[in-house]
Amino acid sequence: MKIFLDTANREYIKKLLPTGVIDGITTNPSLLSKEGSQSKQVLQDICAMVPGPVSIEVVEKHPDAVLKQGREIAQFAKNIVVKIPFALEYMQVIKTLAHEGIPLNITLVFTPLQALMVAKLGVTYISPFLGRWDDIGVDSIDLLEQTVDIKETYDFDSQILAASIRSVLQWQKVAEASADVITVPPAIFEQVFKHPLTERGIAMFDADWQKLGKTSLFE
Ligand code: G3P
């Protein structure tokens, strides 16, 4: 499973990238807006820091402007993935950009059939928003499993990128559902490393070792 961080916060990226398990970054206009008005600098810094794919979302609305901006975003750095919201009026744009070989991440996907539509266009990533399904009382994991089934049945190349993640339990269920990628907020990523039994175990090992009063392991 590939793991992306769902953030535009450079401090978090700098802190968590050395774990060696983060494969890429996803941003969106909401995440970027939290980092102040210097969006270009923020995105340049992120693309320079992260060797893997960085998703940047279009902010234009008219399909012609989305097409133009999609091409501009694709030129921004070597590791760019252009993020485009799922919409009927963007299907032709998505088809054109996909045919030009631009890696695309189709965002705001809420049903398995929406995923099927853009998988047929050969996009790189399809992002179902699990947390927002759960927020309105729909079982997101059922819908994710159906989406993964459709992808596997028809052998689509697109990768299912589970987004809008709310908890580590949801992350585990996403892994069990065989999603190709997950994008997690930094706070949830960090929670995986916090477990009371792990922390207590480390403290016990240390306390027992200190009883020996030695200064090094091999003295
Ligand atoms: O990448 C965008 C997606 O993860 C948004 O999540 O928490 O705003 O529903 P959220």
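Residues numbered from 1 in each chain as written. Predicted model: local features only at pLDDT ≥ 70, side-chain atom pairs only at ≥ 80, totals over all residues. Heavy atoms only, no water.

**Notes on the site of the ligand**
The immediate surroundings of the ligand are formed by Asp6, Asn28, Lys83, Phe129, Arg132, Ala163, Ser164 and Arg166. In the model, an oxygen atom of the ligand is placed 2.5 Å from a nitrogen or oxygen of the Asp6 side chain. Contacts to the ligand include Arg166, whose side-chain N or O atom sits 2.7 Å from an oxygen atom. Its free accessible area being 310 Å², the ligand has 81% of it covered by the protein chains. (Near = heavy atom within 4 Å. Polar contact = N/O pair within 3.5 Å; in protein donor to acceptor, adjacent residues only side chain to side chain. Areas by Shrake-Rupley, 256 points an atom, 1.4 Å probe, with all protein chains shown as cover.)

**Some details on the pairing of strand β8 (residues 181-184)**
Here β8 shows two buried faces, one formed by Val181 and Thr183 and the other by Ile182 and Val184. By the bridge criterion, four bridges tie strand β1 (residues 2-6) to β8 in an arrangement that is parallel. Along β8, the bridge assignment pairs Ile3 with Ile182. Read from strand β7 (residues 159-162) through helix α9 (residues 168-176) to β8, the crossover connection turns out right-handed. (Buried < 20%, exposed > 50% of the residue type's maximum accessible area, 1.4 Å probe, protein only. Helix = DSSP H or I, 4+ residues; strand = E, 2+ residues; numbered from the N terminus. Pairing = 2+ DSSP bridges. Right-handed = clockwise from strand over helix to strand, strands pointing away.)

**Overview of the pairing of strand β4 (residues 80-85)**
Counting buried residues in β4 gives six out of six residues, a clear majority hidden from the surface. Direction of pairing for strand β3 (residues 54-57) relative to β4: parallel, over a ladder of four bridges. Residue Ser55 lies in a different strand from β4, and its bridge partner there is Val81. Each parallel crossover has a hand, and for β3 linked through helix α4 (residues 63-74) to β4 it is right-handed. As a crossover connection, the stretch from β4 through helix α5 (residues 91-99) into strand β5 (residues 104-109) is right-handed.

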